[in-house]
Amino acid sequence: MNLRTRLAIAGGSIAAGALVLVSVVLYPAVEASLRGQIDKSLVAAAGQAPDVAKAIKEKFRGTSNEGAFPAVPLGIGSTQLQIVPDPVRAGPSPQFVDLTVRDVEVANGAAAAYFRNAVYNGVAYRIYTAPFPGAPGTLVRTAIPQSDPAPTLWKLAWLLTASTVAAGLLAALASRLAARRVLRPVRQLTETVEMIRTTGDLAIPIPADGQDEIGRLGSAFAGMTAALDESVGAQRRLVADASHELRTPLTSLTVNLELLAEDLADTQAPHLAAEALDQAGELKTLINDLVDLARYGHPAFHTEDVRLDLVAERVAARATRRAAQIGFDLTCAPTLVHGDPDALERAVANLVDNAVKWSPSGGRVLISVKEGILDVADTGPGIPDSDLKFVFDRFYRSPAARAHPGSGLGLAIVRQVAEAHGGTAEVVPCHSGALLRLKLPVCSEHAEPWATPS
């Protein structure tokens, strides 16, 4: 059962239930009102008994029945009126409903007038018994067949039943039509998502009109597919670039190994072996960079407060041991950031290694850390203006850089680490050399005064 049908059933059930509730209240109220009107008409008819008695006396004046009341009830419309003079005891009445003890008491003034239901000749009556006005000891009874309000009540019952059924069906139809219109965006969204699933094309536009919940759902789906499309595209570009970068060293390594295998006694064997080792090292570096690039593209597994200045000092100390021909100048102020310690250290190391690679022998690398900003400057040839916007791209190597070792992934890792920590990586214009900047958000609270651990 689809959602439109369920909404239609729910709407029809609510409308029908409401009308059933109204009917349960209305029918007894109408019935009580009709009964009340009958009782009022009986009381009014009993009040007309003196006028009826007077008319009877006038009619029989001068006859043998003068002064006598007919025992047979008189019909006044649908109302029966009976005057019973001097009822001395209860008992059967051949003309009408039997007299009761209470009737005798009412005639004698010992009981008040009252209503009761009785059957005479197979007909159910509503009877009102009261003392005759101005004539103690005389009884007047008025009666109306109880079947009189029955047709009205039956019509009302049928009307309420038919109205309930009709209203429920109309409400169900209206609910289904309304649901079809309201759920149209959901249907369109579902069809689009199913098309994306079938075709695998994440670029198919998703309808996201409106500011309601459905519009927000469409916007969320659109954002999700856009992010997924970007991720898939980045993955495909990474695979394509990696395959291109891996092909060259693999080909060269294979050729050198084949030549080495042909004649191990060849005087070129040591050179070929050294070339193969160098190329294997390049492959190892490239693979490690690819692994790091993929790892740093996801949320860090472990994060903590990190002293960025201490990280820079450790990286500089290692670089000093590896590149003794390069001088290092550090200007580090205590700076606390929150992030993955390994990722941050790798990013700083890549910046320093890049500066070392481009600095000439005897050059200097300047490292500065302050308020979440780490600057690494070198005294090399600088970065051409045409290359500035590509510096942090994956596998990008300028024509001048192709003579130097490297995979073209080091600075890409720096940018990816920066973005994963809510920061940025950028090239800062300078007069000589190159200045690369890593900017990270600093921690807002410092629990202890800065102290360099021993």
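In this report, we go over the structure that sits alongside the text.

Thresholds applied
- Residues numbered from 1 in each chain as written.
- Predicted model: local features only at pLDDT ≥ 70, side-chain atom pairs only at ≥ 80, totals over all residues.
- Heavy atoms only, no water.
- Pairing = 2+ DSSP bridges.
- Helix = DSSP H or I, 4+ residues; strand = E, 2+ residues; numbered from the N terminus.
- Axes fitted to C-alpha atoms, helices over the stretch in contact; angles between N-to-C directions.
- Core = buried A, V, L, I, M, F, W, Y, C linked by side-chain atoms within 4.5 Å.
- Buried < 20%, exposed > 50% of the residue type's maximum accessible area, 1.4 Å probe, protein only.
- Contact = heavy atoms within 4.5 Å.
- Expected span 1.5 Å × (residues − 1).

Description of the sheet that holds strand S2 (residues 79-85)
Phase 1: Spatially, the five strands line up as an open sheet ordered S1-S2-S5-S4-S3, and their pairing is antiparallel. Strands at the two margins of the open sheet, each flanked by one partner only, are strand S1 (74-76) and strand S3 (114-120). Direction aside, the axes of adjacent strands within the sheet are offset by 30° on average.

Digging into the nonpolar core
Phase 1: In this structure, Val352, Leu374 and Leu438 are the most contacted members of the largest nonpolar core, which totals 36 residues.
Phase 2: Counting residues per element, the ones that place at least two in this core are helix H8 (308-322), helix H9 (341-358), strand S9 (364-370), strand S10 (373-377), helix H10 (410-420) and strand S12 (435-439).
Phase 3: Formed by 13 residues, the second largest nonpolar core is a distinct cluster that contains Ile38, Ala46, Ala53 and Phe132.

Digging into the environment of Glu371
Phase 1: Along the chain, the position of Glu371 falls in the loop between S9 and S10.
Phase 2: Exposure remark for Glu371: the relative accessible area of 60% places this residue in the exposed category.
Phase 3: When the C-alpha positions of Glu371 and Thr335 are compared, they lie 5.7 Å apart, and in sequence the two are 36 residues distant.
Phase 4: Once residues lying within four places of it in the same chain are set aside, the contact partners of Glu371 are Thr335 and Val442.

Here we look at H8
Phase 1: Across its 15 residues, H8 extends 21 Å between first and last C-alpha, which sits within 8% of the 21 Å expected from 1.5 Å per residue.
Phase 2: Considered for burial, the residues of H8 that qualify are Leu308, Asp309, Leu310, Val311, Ala312, Val315, Ala316 and Ala319.
Phase 3: Looking at the packing, one finds that the buried side of H8 touches strand S6 (304-307), strand S7 (327-332), strand S8 (336-339), H9, S9 and S10.

Considerations on the sheet that holds S7
Phase 1: The strand order across the open sheet formed by five strands is S7-S9-S10-S12-S11, and the pairing between neighbours is mixed. Two strands lie at the open edges of the sheet, namely S7 and strand S11 (424-428), each paired on one side alone. Each neighbouring strand pair of the sheet contributes to a mean axis angle of 15°, computed without reference to strand direction.
Phase 2: Note: S9 against S10, five bridges, orientation antiparallel. Within S10, the residue paired with Leu366 across the bridge is Ala377.
Phase 3: Lying on the sheet, H10 is in contact with S11 and S12; it crosses S11 at an angle near 130°.

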